[in-house]
Amino acid sequence: MGSLFRSEEMSLCQLFLQSEAAYACVSELGELGLVQFRDLNPDVNAFQRKFVNEVRRCDEMERKLRYLEKEIKKDGIPMLDTGESPEAPQPREMIDLEATFEKLENELREVNQNAEALKRNYLELTELKHILRKTQVFFDEMADSHREEEQVNLLGEEGIRAGGAGAQGQNLKLGFVAGVILRERLPAFERMLWRACRGNVFLRQAMIEDPLEDPSNGDKVYKSVFIIFFQGDQLKTRVKKICEGFRATLYPCPEAPTDRREMAMGVMTRIEDLHTVLGQTQDHRHRVLVAAAKNLKNWFVKVRKIKAIYHTLNLFNLDVTQKCLIAECWVPLLDFETIQIALRRGTERSGSSVPPILNRMETFEDPPTYNRTNKFTHAFQALINAYGVASYREMNPAPYTIITFPFLFAVMFGDLGHGTIMALFGLWMVLKEKPLAAKKSDNEIWNIFFGGRYIIFLMGVFSMYTGFVYNDIFSKSLNVFGSAWSTNYNTSTVMSNKALQLNPKGMDYAQTPYPFGLDPVWQVAPLNKIIFQNAYKMKISIIFGVIHMLFGVFVGLFNHRYFKNKMAIYCEFIPQVIFLVFLFFYMTLLMFIKWVKYSASATDVVYSEGCAPSILITFINMVLFKAPDKNTGDCLPYMFAGQSGLQKFLVVVALLCVPWMLLAKPILIMRGRKEAAVSVCIETLDDSGTQAGQQPAQQQGGGHGHDNEEMSEIFIHQGIHTIEYVLGSVSHTASYLRLWALSLAHAQLAEVLWNMVLQNGLKQDGWIGGIALWAVFAFWAVLTVGILVLMEGLSAFLHTLRLHWVEFQSKFYAGLGYAFQPFSFEVILESSSSSSED
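Just so it is clear, the model here is predicted, and its values are computed rather than measured.

1. What about the overall build of the protein?
In step 1: Across its full length, the protein holds 27 helices and 11 strands.
In step 2: When the 838 residues of the protein are sorted by exposure, 43% land in the buried category.
In step 3: Here the analysis covers contacts within the protein between residues at least 6 apart in sequence; of these, 82% occur between residues at least 24 apart.
In step 4: Of the roughly 45,400 Å² of accessible surface on the protein, a fraction of 58% belongs to carbon and sulfur atoms.

Structure (C-alpha cells):
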C-alpha cells in the first residue's frame, strides 16, 4: 500500500547468466513478473539475433495450434480450460512438441482433403441424381403431342419442312445438354442463351428444393437443373461455352429411358456408399479434434512461454567467450532478494554449477514508475494513468482519488434510490467477480463496467449518503425524524395549498433544524424549494472546490520536499498557497460567517435576513477595491469589524504573489549560475587549471535542473506557469460549479419522470389501475435506469474525471513518466488470448 502514495524505488541492475542456465532463469523471472529487461542490441536487426531460429520455430508451432483451434471451433467442440498455467517446458521438449503438432496438422489436413474430395464426389452424384429425375419429366413432355409445336417454336415451320424433305421423311433429331447452375445466375444465363443463339435453343429448368453443401467452404447453396435442346454442332459448341462462362456443371444424360433408369440406380448405390464413408471420415476427424481439444490451451501456454523466453534472450548480449549472457534490467529494490532466489532456483533446474550474478548499477536515467496495486486499487490507478503515468517517485493521486472521486460524483448524483441501484449493481459484480472474470466476455462495454466494479460500488454508496443529505429518493423525500414545520403545516394545509411557500421568519418554523439533511417539507413547497436548494448547493460546490484545490497544492509540497527542491517551496508553493487562501478560501469563510451570523428569525435587525450581504458582490468589491453600497436602515455594510481593511490587505498580498511566482525562481537560478561561474574561476586559478573542465552545476548545483536552459526560456517557462496558475485559480473555482448544476439537473429530471410518468399510474383506481400501474411502473423503471442511472451517471462520471485531471492534479502532478513493464508470463498470456479472441 505504501507504493500507492509514491512509486516503488527502482534500481538498474546488470545480470550475468551462464548460457546453459539462461533459459531456466529467464523462465523463473517470467513467472515472477518483477523484472523489466532493456534491449542491449537496439541496432541489430530482428532476423540477425542469436535466438531468431527458436522464435521462428515457436511462430510455426503457434500457427499450427491456431489451425487446430480453428478446426475445433468449427466443429463446436469445447476446449478444456483448467485455469492453470503450466511451466515453460525445457528446450529439449520443443522437439517433442513440434513432432506432435506436425503429426496432428498433417493428419487433420489429410482427413480434411479426403473429406472434401468425398463431399465433392457426393455433391456431383447428388446433382446427377436430380438431373436424372428432373429431365425425365422433360423427355416425357417431348414425347407427347406437344413436341411438334415445340419444334415449330424452336426452328419454325419452314425449317421443319425443309429438314423433313432433306431427311427423306425421317423424324428430326434434336441435341441436348443437361446440368446444374446456381439459382441466382439462372436469369442472366437464360438471357445470354437467347441472345447468343438468337432464340434457336430451347431451355427448360427446375429448382432443386433442398440446399446443397459447397465442399470447399461448407456453405449451403441453392441450385437449379436445366436442359437445353438445340440443333447442330455449332449451337452445341456455343451452348457449352456459355455454360462454362456461367460456371454451370454439365453431366452426361442418356437419351434412352432404360439407360437413364440404370444410371439412376447406380448413382443411388454410389451415394449410399459415399454417405457411409463420409460418416466414418467425420467420426475420425471428430476423434482427432476431441483429443487435441483436451490439451490445446496448455499447448498454447507452453508455446507462448517458450517464445517469450527466447524473445527476451534476444535482448541480451554475449560476452567475449560466448559462454555468458549479459542483461540489464530494472528491478524494484524491495523485491531484490526475491529475484535472486528465483535466479538460484532457475540455476538449480538447469543443472548449472555457476551461480548467476545480479549487480546494481549507477545511472542517470529516469527509472520506470511502478505502483503496486491490487484488484481494488487497480481501477483507480488506471484512471490516473489514463491522464499520464507519474514521474519516478512523484506523488501518486490514486489513494486520494479513492475517496474524492466517488464523493464528488455523489455530490452531482445525490439520490438515495439511484445510488442504491448503482451500489447493488457494483456489489453484484464484486461478489461474483470470479465467475464473471472466468467468462471473459468479448463485449467491450461489459469489460469496462466489470473493470470498474469497485468504482461503481463506491460511487453508489457515496450517492446513497448524499441522497440522505439531500433527502432525495426518486425525487421524493423521507420523513424519518418529523418536520420542524409540522406545528402549523399539517397534512390538510400541505394537500390543499398548491402554491405553498415556506417562510422561516414567522411562527411556522420551530427554529430547530432537521437532524440530518434537508427537511422533507421542502418537497411540497414548489415555489421557493428551487431557490433554497440553488443557494445551498452552489455554496457547498465552491467550498468543496476550494478545499480540493488547496489539498492538491499541499500534496505538491511533498513532491518538493522529497526531491529536496527548496527553491520550488519558496518560489512556487508558498505564493500559490497564499494566493489561493487569501482570495478564494477567504470567500468560503465568508459563507460560513454568513450562515452563522445571519438568520431569518434574528431579533437584532442588523443580523436579519434582509441585511445579509451577497457573497459574490462582496468578493467582486473586494478585488476591485470598491466600497459596498450604503445600506438603508440599520443594516451594516460589512459582516464583521475591520473587514474592509482585512480585505484590502488580503488582495494586496495576493497580488504581490504574482510577481513572486513570476520572478523569484529565474532570479535565483541566475544568481546561482553566476556564483558557480565565480567559484570555478577561483578554483581554476588556485589549481592551475586542473578544475577547468568541471561544470558549474557539478560544483554548486545552482541550476536545479535548469543548467542547460537559456535564461530567456526559463523566464518564458515560469511566466506560462504563473499565468496558468493565476487564471486557473479563477476558472477552476468556477469549474466546481458543475457540482451544483448537475445536482440540480439530476433532481429536476427525476422529478419530471415522477410527475409525468409514474404519478399517472398511481391516480387510477380498481383493477384497471393495477394493470395501468404495472405498465406505467415498467416504463418508468426503464427510463430511470436508462436515463437517470446510466446516462446521468456517465455524465457525472466524466465531469468528476475532469475535476480530478484538470482542477486537482494540475496543482502537483506532472505525469511525465513511463510505466514499469516487467517481463511477465501472466501479462503476455493475457494479451495473447485477448488478441486471438479479437
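Further notes follow.
2. Quick look at the pattern of salt bridges
In step 1: Enumeration according to the criterion identifies 30 salt bridges in this entry.
In step 2: Notably, a salt bridge pairs R63 with E105, separated by 3.1 Å at the nearest N-O pair. A residue pair is termed long-range when its members are at least 10 positions apart, and R63 in helix 3 (residues 52–74) and E105 in helix 4 (residues 93–143) qualify at 42 residues.
In step 3: Classification of R63 as partly exposed rests on a relative accessible area of 29%.
In step 4: The exposure class of E105 is buried, given its relative accessible area of 5%.
In step 5: Beyond isolated ion pairs, a larger network of salt bridges with shared partners links D59, E62, R304 and K307.

3. Details of the sheet that holds strand 3 (residues 175–182)
In step 1: Pairing is antiparallel in the open sheet, where four strands are placed in the order 4-7-3-8. With one partner strand each, in any of the chains shown, strand 4 (202–207) and strand 8 (249–251) form the two edges of the open sheet. Averaged over all pairs of adjacent strands, the angle between their axes in this sheet comes to 25°, without regard to strand direction.
In step 2: Pairing geometry for strand 3 and strand 8, over three bridges, is antiparallel. Looking at the pairing, A178 lines up with Y251 of strand 8.
In step 3: Helix-sheet contacts for helix 7 (residues 186–196) involve strand 3, strand 4 and strand 7 (223–230), and the interaxial angle to strand 7 is about 10°.

4. Describing the pairing of strand 1 (residues 10–18)
In step 1: Pairing of strand 1 with strand 10 (residues 324–332), which is carried by nine bridges, proceeds in the antiparallel orientation. Its bridge partner being in strand 10, F16 is matched across the sheet by I326.
In step 2: Here five bridges tie strand 1 to strand 11 (residues 357–361), and the two strands are oriented antiparallel to one another. Within strand 11, the residue paired with F16 across the bridge is I357.

5. A short note on unusual backbone geometry
In step 1: Residue R247 is not a glycine yet carries a positive backbone phi of 55°.
In step 2: Taking relative accessible area as the criterion, R247 reaches 67% and is therefore assigned exposed.
In step 3: Positive phi values are uncommon outside glycine, yet N471 reaches one of about 55°.
In step 4: Secondary-structure assignment places N471 in the loop between helix 17 (453–470) and helix 18 (491–496).

6. Overview of the side chain of K811
In step 1: As for its placement among the helices and strands, K811 is situated in the loop between helix 26 (766–808) and helix 27 (825–837).
In step 2: Within the buried set, K811 has no salt-bridge partner at all; the shortest N-O distance to an opposite charge, 7.2 Å, is to E807.
In step 3: Among the polar contacts made by the side chain of K811, one reaches the side chain of H732 at a distance of 2.9 Å.
In step 4: Polar side-chain contacts of K811 include one of 2.9 Å to the backbone oxygen of E807.
In step 5: Not counting chain neighbours up to four residues away, the residues in contact with K811 comprise M549, G552, V553, Y725 and H732.

7. Notes on the packing of aromatic side chains
In step 1: Throughout the structure, instances matching the rule amount to 41 aromatic pairs.
In step 2: Relative to F573, the ring of F554 has its centre 5.6 Å away and its plane inclined at 75°; by these criteria the two rings are edge-to-face. Of this pair, F554 sits in helix 19 (residues 529–562) while F573 is found in helix 20 (residues 566–597), placing the two residues 19 residues apart along the sequence.
In step 3: We classify F573 as buried; its relative accessible area is 9%.
In step 4: Plain terms: the ring middles of F592 and W595 are 5.5 Å apart, the flat faces sit at 85° to each other, and that makes the pair edge-to-face. With a gap of three residues between them, F592 and W595 both fall in helix 20, about one helical turn apart.
In step 5: A relative accessible area of 39% places W595 in the partly exposed class.
In step 6: Over the face of the ring belonging to F450 we find R453, whose NZ or CZ atom lies 4.3 Å from the ring centre.

8. As for helix 9 (residues 257–293)
In step 1: With 37 residues, helix 9 ought to run about 54 Å at 1.5 Å a step, and its terminal C-alpha atoms sit 52 Å apart, in line with that.
In step 2: Those residues of helix 9 not exposed but buried are R260, V267, I271, L274, L278, T281, R285, V288, L289, A292 and A293.

9. With respect to the packing of helix 14 (residues 416–431) against helix 16 (residues 444–451)
In step 1: Axis separation between helix 14 and helix 16 bottoms out at 10 Å; the angle between their running directions is 90°. One way to sum up the angle between helix 14 and helix 16 is to call them roughly perpendicular. Facing helix 14, whose interface residues are F425, W428 and M429, helix 16 presents W446, F449 and F450.
In step 2: In terms of residue class, the contact of helix 14 with helix 16 is built from six nonpolar, no polar and no charged.

10. Some remarks on the nonpolar core
In step 1: Counting 63 residues, the largest nonpolar core has I455, M459, F579, L583, F584 and F797 as the members making the most contacts within it.
In step 2: With 11 residues, the single largest contributor to this core is helix 20.
In step 3: Setting aside its immediate chain neighbours within four residues, M459 contacts F405, P406, F409, M422 and F797.
In step 4: A88, L97, L296 and F823 belong to the second largest nonpolar core, which has 58 residues in total.

11. Details of the UniProt feature "transmembrane region" (unreviewed entry) in the protein
In step 1: Taking the UniProt record as the reference, the feature "transmembrane region" (unreviewed entry) is found at residues 402–431, 451–470, 540–558, 573–593, 605–625, 645–664 and 766–791.
In step 2: In residues 573–593, helix accounts for 100% and strand for 0%; the two terminal C-alpha atoms are 28 Å from one another.
In step 3: In the segment residues 645–664, helix accounts for 100% and strand for 0%; the C-alpha atoms at its two ends are 28 Å apart.

12. Description of the pairing of strand 3
In step 1: Here strand 3 lies mainly inside the structure; seven of its eight residues are buried.
In step 2: The pairing of strand 3 with strand 7 spans eight bridges and is classified as antiparallel. The partner of F176 across the bridge, within strand 7, is F229.

13. Side note on the environment of N497
In step 1: On the secondary structure map, N497 appears in the loop between helix 18 and helix 19.
In step 2: With relative accessibility at 32%, the residue N497 sits in the partly exposed group.
In step 3: In this structure the C-alpha to C-alpha distance between N497 and A525, which are 28 residues apart in sequence, comes to 9.4 Å.

14. Regarding the packing of helix 20 against helix 24 (residues 711–735)
Packed helices, taken two at a time, are described by the angle their axes make and the gap between the axes.
In step 1: Contact geometry of helix 20 with helix 24 gives a least axis separation of 11 Å together with a crossing angle of 20°. Taken together, the axis directions place helix 20 and helix 24 in an arrangement best described as roughly parallel. Here helix 20 runs over helix 24; the crossing is right-handed. Only Q718, Y725, V726, S729, V730 and T733 of helix 24 make contact with helix 20, whose side of the interface consists of E572, Q576, V577, F579, L580, F584 and M587.
In step 2: Looking at the contact of helix 20 with helix 24 residue by residue, the classes come out as eight nonpolar, four polar and one charged.

15. Focus on the side chain of R738
In step 1: Looking at the secondary structure, you find R738 in helix 25 (residues 738–762).
In step 2: A distance of 2.6 Å separates the side chain of R738 from the side chain of H799, its partner in a polar contact.
In step 3: Not counting residues up to four positions away in its chain, the partners in contact with R738 are M412, H799, R802 and L803.

16. Re the environment of F544
In step 1: Among the secondary structure elements, F544 is positioned in helix 19.
In step 2: Relative accessible area serves as the criterion here: at 26%, F544 is assigned to the partly exposed category.
In step 3: Considering only alpha carbons, one finds F544 and L737, 193 residues apart in sequence, at a separation of 9.8 Å.
In step 4: When near neighbours in sequence (up to four residues on either side) are disregarded, F544 contacts F407, V411 and L739.

Rules used in this analysis
Residues numbered from 1 in each chain as written. Predicted model: local features only at pLDDT ≥ 70, side-chain atom pairs only at ≥ 80, totals over all residues. Heavy atoms only, no water. Helix = DSSP H or I, 4+ residues; strand = E, 2+ residues; numbered from the N terminus. Buried < 20%, exposed > 50% of the residue type's maximum accessible area, 1.4 Å probe, protein only. Contact = heavy atoms within 4.5 Å. Areas by Shrake-Rupley, 256 points an atom, 1.4 Å probe, with all protein chains shown as cover. Salt bridge = Lys/Arg side-chain N within 4 Å of Asp/Glu carboxyl O. Pairing = 2+ DSSP bridges. Axes fitted to C-alpha atoms, helices over the stretch in contact; angles between N-to-C directions. Lys, Arg positive; Asp, Glu negative; His and termini not counted. Polar contact = N/O pair within 3.5 Å; in protein donor to acceptor, adjacent residues only side chain to side chain. Phe/Tyr/Trp six-rings, centres within 6.5 Å; stacked < 30°, edge-to-face > 60°. Lys NZ or Arg CZ within 6 Å of the ring centre and 35° of its normal. Expected span 1.5 Å × (residues − 1). Parallel < 35°, antiparallel > 145°, perpendicular 65-115°, else oblique. Nonpolar A, V, L, I, M, F, W, Y, C, P; charged D, E, K, R; others polar. Core = buried A, V, L, I, M, F, W, Y, C linked by side-chain atoms within 4.5 Å. UniProt positions renumbered as here; feature names shortened; annotations may be inferred. Left-handed = near helix turned anticlockwise from the far one by under 90°.

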